[in-house]
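Read off the chains here:
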Number of protein chains: 4
Amino acid sequence: MWKIPSPKRCRDLKRLAVLTSGGDAPGMNAAIRAVARTALARGVEVYGVSKGYSGLVNGDWQCMDRTSVANILQTGGTILKTDRSDAFRDPQVRADTAERLRAAGIEALVVIGGDGSLTGAHRLEEETGFPVIGLPGTIDNDIFGTEDTIGFDTAVNTALESIDKLRDTATSHERVFVVEVMGRSSGFIATSVGIAGGAENIIMPGHPIDFQLICERLNDSLRRRKFSSLIVIAEGEDPQLTSQLTHDLGVAGYPARACILGHVQRGGSPTGHDRVLASYLGSVAVDYLLAGTSNVMVGVRKAEVVTVPLQDIVSNKKVVPDELIDLAQILAT
Amino acid sequence: MWKIPSPKRCRDLKRLAVLTSGGDAPGMNAAIRAVARTALARGVEVYGVSKGYSGLVNGDWQCMDRTSVANILQTGGTILKTDRSDAFRDPQVRADTAERLRAAGIEALVVIGGDGSLTGAHRLEEETGFPVIGLPGTIDNDIFGTEDTIGFDTAVNTALESIDKLRDTATSHERVFVVEVMGRSSGFIATSVGIAGGAENIIMPGHPIDFQLICERLNDSLRRRKFSSLIVIAEGEDPQLTSQLTHDLGVAGYPARACILGHVQRGGSPTGHDRVLASYLGSVAVDYLLAGTSNVMVGVRKAEVVTVPLQDIVSNKKVVPDELIDLAQILAT
Amino acid sequence: MWKIPSPKRCRDLKRLAVLTSGGDAPGMNAAIRAVARTALARGVEVYGVSKGYSGLVNGDWQCMDRTSVANILQTGGTILKTDRSDAFRDPQVRADTAERLRAAGIEALVVIGGDGSLTGAHRLEEETGFPVIGLPGTIDNDIFGTEDTIGFDTAVNTALESIDKLRDTATSHERVFVVEVMGRSSGFIATSVGIAGGAENIIMPGHPIDFQLICERLNDSLRRRKFSSLIVIAEGEDPQLTSQLTHDLGVAGYPARACILGHVQRGGSPTGHDRVLASYLGSVAVDYLLAGTSNVMVGVRKAEVVTVPLQDIVSNKKVVPDELIDLAQILAT
Amino acid sequence: MWKIPSPKRCRDLKRLAVLTSGGDAPGMNAAIRAVARTALARGVEVYGVSKGYSGLVNGDWQCMDRTSVANILQTGGTILKTDRSDAFRDPQVRADTAERLRAAGIEALVVIGGDGSLTGAHRLEEETGFPVIGLPGTIDNDIFGTEDTIGFDTAVNTALESIDKLRDTATSHERVFVVEVMGRSSGFIATSVGIAGGAENIIMPGHPIDFQLICERLNDSLRRRKFSSLIVIAEGEDPQLTSQLTHDLGVAGYPARACILGHVQRGGSPTGHDRVLASYLGSVAVDYLLAGTSNVMVGVRKAEVVTVPLQDIVSNKKVVPDELIDLAQILAT
């Protein structure tokens, strides 16, 4: 649970729009619901935009009432759909979009998505002055300025469901499991899954695989007669990474099995943690808009709901602390 | 639920042994528990063999009491472990094993495993007269003579957990998911998962992929504006099959994502169905031994627990009926 | 999996209606989907009736297309809703309903529900000649003539999820758990849950509680140093039964804890088993109507999909075989 | 994820003991594992005490090695068992216990449990100088000084599993569900479950039930044609509370159904969040002991792992902030 601020209302806001963009994240629907219900409670009309920035560019939005967001709190996916829009990369298109929004009487925009989506939102406000506020909706938990993102907790638990089943099957000779989790350039899922799954090895995206070290640790496990060994590997940029490692381990005398979850990690019913996080952030975002705050993302830091200038998000990267990876090693030894 | 026979006890049996062999299957522990508890209730000592036929060959067995099988009803894996033993393929080794068992006062052997394991059991009795009885423990459900095997229901549900999450994430443009399930040479998992998961295409092991037909159906789905399309593919013999298909679909204009569950399907807590099936079969197996029946497998047919001569299992293959695959197509259209 | 018949088409059918009635059962949606998709594949129009017989009486139905049943295969509940209608008990109302259906060009009705709902369907056809066909949709598995009902497998697994968690917490002195499952007058859920959950005592609805026997078995478990003991009790007619038993056990020196699941057992995503069962039955029901068969329920017996005259269902009760309860006792000792 | 401190090692510690006490909490095993593995990595012997303070008083402890804590990361319950000990309330018994520990060469004690257990630990150190360090192991999340406790996240998700299923079944006329969650004197579970479950009413322990307000909100939901309404109620001190409320609602014209989860909420596999939290706290606790810190609990505050003087925990209560309950109301309207 996080401490919720109560920004003081100081402006009128008749109409806002909300969209989801980028990769799906469980809890996006809970966030949409929180935005809608809070806005309606404050007397603000809500327009839901279809298919992220693609829909925004085309003026593809519809008025929402309270029943539009009924029964979605526990569902994965997003009722507003998402998209990755190339058109929105064009400043002219952004200018036209701002005009279109204003012409429709829409006075602010809530964007729920990851880094790329928040960057688009930032540019919209910087260039056109159209007020935006962002929510961190991504399973990667790699957005600067917030310690948590909507969907991360669920994705970690999804990976653990599979790892727990794998541990059951290690009832034969020593077995090595290579589990690939999502994370093109960030290793937060890999790290959390590694600690919570008891992995002896966590391979982070972009980090070279120290094959010799992996084999040493496997020998060590064999000596200590462990039933099974787990290597958690972030998908990284190379789609062949996991099968290559699995193959090399077999050749080196460690029969290994790969499990590639893929997009499964983006779906599923959000955990309680993600529902509550999404609800807090969605609700507070509306109150910040009513307090005249924009060009920020609402996130969490030090157990409090805070705002983070979108500028900071655009220009900074978030990195996994080293001590977490050391901790994982100690616990699995 | 199945109708349980009550074979009439007609012989004395002081001591039996039980082992699990081959790939893990959820419910194996429930079966071990049922064998042990029923044997003890009938005044028969139970010896648990470690690591399948490897342990049997080495005389690696231990006496079990009721607490040996406490708290295992709901766990995946097998407390007796399994192995794939090459040594047991040798008739001389089988002869020595029978002698070793008799010398230890063990009068019968219960084997829980798949085709290969039941074949080994059959040969043991045929060649040495040592009484064996088999239970169908495999997720593949490909054992002739029984309509169900211990672990199949759980494996299907495990695959569905992932498919259900994938369906959530199809909230963008049309997305094609290729989900690889287990099944080297049998397509029972693929068929059930296909029907229960709403797949438009089910690719069976050994069947050539009709790529043109798959694309036609995808076009059809696009036209009917389906959110997502699912292709379920049995792993077959070629480890590259799934990634090749996924790649080819992308090239043909259908962005596809792969999910390879692998050994996850062999683990996890057994479903109620598998716990009850394992309990029935394990219990009845002991009563059949006490009735002087052996060289059979205890399975289910027409909603009844029946015996199937091991000879029949060895010499027959079980095939997925065609009408099931047609049904899957109708339901997904 | 069950053997599917292929009834020979011999009549024209332009339009059918489908409704769900009585208590919810997971898999009802999968059944609706199968009815709709199969009908459309056969060139038959489908009308979905809202709120069971209440809606039928009011002519509250709407044409369905394939997208009406998209994405519901894995969801609990029923998109058509249900109701318990008193109006339909009146023969005049039934006569008027048949007329209303005919006036709308609807030529047959598929009813998905339990005993009561199937009785209503039977009377409709008996009195008015309007063709009906039933599907067994109830978690209780108490419908005569079919060995399984849509929703039973899921309800059993739901109860087991809670029982498995209870077993974890028995890490202190011996603990007795009293788990109440659904079953006003039938004990199928209690029996399956008892066997799959390892219960020492299963209390069936209508059966008097043999308190002394329960205490004897608890003493026995204590002596054998079991961690926890489980009593599964069907809800029966008396809402105080479970709390009374829990209280009495405490007074007798066996601290007990109650878990009352209630309507949780009627919801949740259907298992693979229930999705496949619902899909088979829904599909075959349509083909039977096209073959001129009606006034029957489509169910399963001896691993085959069969028809059962509704008359037989109305006039017979299905009872849990005694040997199952004995088996439960042996396995838990 | 939390920021982990690195307390500087400044003393020798040859031997420590660890115990779990009070009600079970999922994640206790993960904590035991973290304590053991970190201690062993630092060259400290670990003794596991059986059955909480009861075992401590009787000198019932055993040396643990790394395999003692193998394969427990994902399991509910506690391998060391728990107990509620009356004997330890006696200062003389505490004095004798300290002496016994010292005689065995044990130099520090890690206590994993709730308020009562931490109070006992505090008294032990205050009176005898024996170094203790506490970890917050309880599903209630009601320990002063820490924002989270091991087991809370899992318990919330367990309740949500049931609530999600109940929502499925509200496919008939408006249905009211009364779900009772744990919480004798604290409402943290009720609050989180209420927000994450979309409850219109959350009844906190000790708070009088405002029946009129509840009925007003139900009327409101009816008017807005909600499918179902959810009331989450903490168990409080009166075991009749939930059934009384359910009954009164029925009488007032709102047919309601009760779901009483009971001890189910104390079991089950810990979530990723609880496994990571338990791992961090268990590991850091050992490092704090090695840095000479004791008579504290290791917890989390402002997203950092911190120490909290046990004295503060004993003398303060933690209260649910009001604004959370208001938020729940807005979101559910």
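All figures in this text were calculated on a predicted structure; none of them were measured in a lab. (Residues numbered from 1 in each chain as written. Chains lettered and ligands numbered in written order. Predicted model: local features only at pLDDT ≥ 70, side-chain atom pairs only at ≥ 80, totals over all residues. Heavy atoms only, no water.)

Novice: Is there a simple way to think about helix α11 (residues 322-332) of chain A in this case?
Specialist: Helical geometry: 3.6 residues make up each α-helical turn, so side chains three or four residues apart lie on a common side. Taken together, the buried positions of α11(A) are occupied by L324(A), L327(A), A328(A), Q329(A), I330(A), L331(A) and A332(A). Among the structural elements, α6 (188-197), β7 (201-203) and α7 (211-223) of chain A together with α1 (28-41) and α9 (272-290) of chain D are those in contact with the buried residues of α11(A). (Buried < 20%, exposed > 50% of the residue type's maximum accessible area, 1.4 Å probe, protein only. Helix = DSSP H or I, 4+ residues; strand = E, 2+ residues; numbered from the N terminus. Contact = heavy atoms within 4.5 Å.)

Novice: Help me understand the sheet that holds strand β2 (residues 45-49) of chain B, please; the structure alone is not making it clear to me.
Specialist: The strands that make up a sheet are held in pairs by hydrogen bonds between backbone atoms, and each pair lies either parallel or antiparallel. Residue and element names in this part refer to chain B. Taken in spatial order, the 7 strands make up an open sheet running β3-β2-β1-β4-β5-β10-β11, and their pairing is mixed. Only two strands of the sheet have a single neighbouring strand rather than two, namely β3 (61-64) and β11 (304-309). Going from strand to strand, the sheet's axes swing by 30 degrees on average, the running direction of each strand aside. In the sheet, β2 pairs with β3 via 4 bridges, with the strands oriented antiparallel. Bridged to V46 within β3 is M64. (Pairing = 2+ DSSP bridges. Axes fitted to C-alpha atoms, helices over the stretch in contact; angles between N-to-C directions.)

Novice: What am I meant to see in the domain arrangement of chain A here?
Specialist: Buried accessible area, meaning the area lost when the parts come together, often serves as the stated size of an interface. Residues and elements named next belong to chain A. Assigned domains within chain A: domain 1 (15-151 + 270-315) and domain 2 (153-266). In this structure, domain 1 and domain 2 have C-alpha centres spaced 34 Å apart. Contacts between the two partners involve 14 residues from domain 1 and, on the opposite side, 11 residues from domain 2. Together domain 1 and domain 2 conceal approximately 1000 Å² of surface at their shared face, both sides included; 53% is due to carbon and sulfur atoms. Counting the surface domain 1 buries against domain 2, the share from its top three residues, I139, D140 and T271, is 43%. Between domain 1 and domain 2 we count 0 salt bridges in total. Counting across the interface, domain 1 meets domain 2 through 5 residue pairs in polar contact (both at pLDDT 80 or more). For the side of domain 1 that touches domain 2, the class distribution of residues is 4 nonpolar, 5 polar and 5 charged. (Domains from an automatic or database assignment. Buried area = accessible area lost by both parts, 1.4 Å probe. Salt bridge = Lys/Arg side-chain N within 4 Å of Asp/Glu carboxyl O. Polar contact = N/O pair within 3.5 Å; in protein donor to acceptor, adjacent residues only side chain to side chain. Nonpolar A, V, L, I, M, F, W, Y, C, P; charged D, E, K, R; others polar.)

Novice: What is the right way to look at the interface of chain C and chain B in this model?
Specialist: Across the contact, 47 residues belong to chain C and 47 residues belong to chain B. Between chain C and chain B the total buried area reaches about 4000 Å² when both faces are included, carbon and sulfur atoms providing 58% of it. On the chain C side of the contact with chain B, M1(C), R66(C) and L331(C) bury the most area, a combined 17% of that side's loss. Along the contact surface separating chain C from chain B lie 4 salt bridges. Between K302(C) and E304(B) there is a salt bridge, with the nearest N and O atoms lying 3.5 Å from each other. Inspection of the chain C/chain B interface yields 12 residue pairs in polar contact (both at pLDDT 80 or more). Only α1 (28-41), α5 (152-168), α6 (188-197), α9 (272-290) and α11 (322-332) of chain C provide two or more residues apiece to the side of chain C that touches chain B. The residue inventory of the side of chain C that touches chain B, partitioned by class, reads 18 nonpolar, 15 polar and 14 charged.

Novice: I'm lost on the interface of chain A and chain D in this one. Help?
Specialist: At the junction of the two partners, chain A supplies 47 residues and chain D supplies 47 residues. Across the chain A to chain D interface the summed buried area is about 4000 Å²; carbon plus sulfur atoms make up 58%. Where chain A packs against chain D, one counts 4 salt bridges. Taken together, the links from chain A to chain D amount to 12 residue pairs in polar contact (both at pLDDT 80 or more). Elements that contribute at least two residues to the side of chain A that touches chain D include exactly α1 (28-41), α5 (152-168), α6, α9 (272-290) and α11 of chain A. With 7 residues, α9(A) is the largest single contributor of residues to the side of chain A that touches chain D. Its residues assigned to classes, the side of chain A that touches chain D comprises 18 nonpolar, 15 polar and 14 charged.

Novice: So what exactly am I meant to see when it comes to the pairing of strand β4 (residues 108-113) of chain B here?
Specialist: Residue and element names in this part refer to chain B. Buried residues dominate β4, accounting for 6 of its 6 residues. Of the two faces of β4, both are covered, the one formed by A108, V110 and I112 as well as the one formed by L109, V111 and G113. With 5 bridges connecting them, strand β1 (residues 15-20) and β4 associate as parallel partners. Bridge assignment links L16 to a residue of β4, and that residue is A108. Both β4 and strand β5 (residues 132-136) contribute to a ladder of 5 bridges, which runs parallel. Note that in β5 the partner of L109 across the bridge is V132. Between β4 and its parallel partner β5, the chain crosses via helix α4 (residues 115-128), and the hand of that crossover is right-handed. (Right-handed = clockwise from strand over helix to strand, strands pointing away.)

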